[in-house]
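# An overview of the molecular structure
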Amino acid sequence: MQRCLLFVVILYTVLGCQQDKQPLLGDTPFQRKMNAEFKDATTSPLEPNDLKEFRALDFFPYDSSFMVRAKLKRTPDAEWFQMKTTTDRLSKERVYGVLSFSIEGQPYTLKVYQGEEEMNTPGSEDFLFLPFLDLTNGESTYGGGRYINLRIPPGDTLVVDFNEAYNPYCVYSEKYSCPIVPRENFLNLKVKAGLKMYRKTK
């Protein structure tokens, strides 16, 4: 979930040691991994007060129809551009390619991006960034859209699992600077998969 950069560095200390030992919640390895990251004070994007009350994130039930095999059309001549974020920071990106796939028999396309920072980070050189908007935004999911992490495939196809869609970290704290999803990456359907809207515990 490294796509959002920490805008103000805060050192979490005591909270992680004081949390009760409880079984990790989640129906899939991805859900359990995310819940583990959010419970751990050293990796959680939550504010300290929210972390104290955190139990688990709210996901849609897993739906295999939202795990699709996409055709990747690479765009090697795409120019670098400055993607806007939720702060004044600009993220240097390029369109790595266009993904084509079908959901429930309907065709869709999304642009997938490659960031300059990831290209120069050991272990992340093959990282691809898929931000998207859909008809659930502002209803059951975050209004600004969600992200999916991908890796460059050896061929021209890759699996896109919308069940692994997650929220930008700026949803949880204003300390983070997160890329704004381009309007052109809108899916005209309700993607009822992945992470739902975050609601603080009252």
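Structure's up top.
Worth saying up front: this structure is predicted, and the values here are computed from it rather than measured.

The rules behind each value
- Here the residue numbering is sequential within each chain, running from 1 through the sequence in written order.
- Totals for whole chains, interfaces and linings use all residues, but because this is a predicted model, local features are given only for residues with pLDDT of at least 70 and pairs of side-chain atoms are given and counted only at 80 or more.
- In computing side-chain values, all of the structure's heavy atoms are included and hydrogens and water are not.
- Numbering of helices and strands runs from the N terminus, with a helix taken as a DSSP run of H or I at least four residues long and a strand as a DSSP run of E at least two residues long.
- In this description, contact between two residues means that some pair of their heavy atoms is separated by no more than 4.5 Å.
- Note on exposure labels: buried denotes an accessible area under 20% of the residue type's maximum, exposed denotes more than 50%, and partly exposed covers the range between, all computed with a 1.4 Å probe on protein chains only.
- Without a salt bridge and with relative accessible area above 30%, a residue can belong to a patch; like charges are then joined within 9 Å and nonpolar side chains (Val, Leu, Ile, Met, Phe, Trp, Tyr) within 5 Å.
- With residues, only the protein chains shown are counted as cover, and all accessible areas are computed by Shrake-Rupley using a 1.4 Å probe.
- Salt bridges, as used here, are contacts in which a Lys or Arg side-chain nitrogen is within 4 Å of a carboxyl oxygen on Asp or Glu.

### Description of the environment of Tyr 198
Considering the arrangement of structural elements, one finds Tyr 198 in the segment after strand E9 (176-177). Taking the C-alpha atoms as reference points, Tyr 198 and Val 171, 27 residues apart in sequence, are found 7.4 Å from one another. If we ignore the near neighbours within four places in the chain, the residues touching Tyr 198 are Leu 46, Asp 50, Asn 167, Val 171 and Tyr 172.

### Focus: the environment of Leu 135
Looking at where Leu 135 falls in the secondary structure, it is placed in the loop between strand E6 (127-132) and strand E7 (146-151). The class of Leu 135 is partly exposed, set by a relative accessible area of 37%. The contact partners of Leu 135, leaving out residues within four places of it in the chain, are Phe 186, Leu 187, Asn 188, Leu 189 and Lys 190.

### Quick look at a nonpolar patch on the surface
The grouping of Tyr 62, Met 67 and Val 159 at the surface amounts to a nonpolar patch, some 260 Å² of accessible area in total. Of note, Met 67 is situated in strand E2 (residues 67-74).

### Focus on the side chain of Ser 140
The residue Ser 140 is located in the loop between E6 and E7 in this model. When its relative accessible area of 18% is taken as the criterion, Ser 140 is described as buried. Beyond its immediate stretch of four places on either side in the chain, Ser 140 contacts Phe 60, Lys 196 and Met 197.

### Some words on the pattern of salt bridges
Applying the stated criterion across every chain, the model contains 8 salt bridges. Residue Lys 71 is joined to Asp 156 by a salt bridge in which the shortest nitrogen-to-oxygen separation is 2.7 Å. Taken together, the positions of Lys 71 in strand E2 and Asp 156 in the loop between E7 and strand E8 (157-161) put the pair 85 residues apart, joining distant regions of the chain. Exposure remark for Lys 71: the relative accessible area of 45% places this residue in the partly exposed category. Overall, Asp 156 belongs to the partly exposed group, its relative accessible area being 34%. Notably, a salt bridge pairs Asp 134 with Arg 146, separated by 3.3 Å at the nearest N-O pair. A residue pair is termed long-range when its members are at least 10 positions apart, and Asp 134 in the loop between E6 and E7 and Arg 146 in strand E7 qualify at 12 residues.

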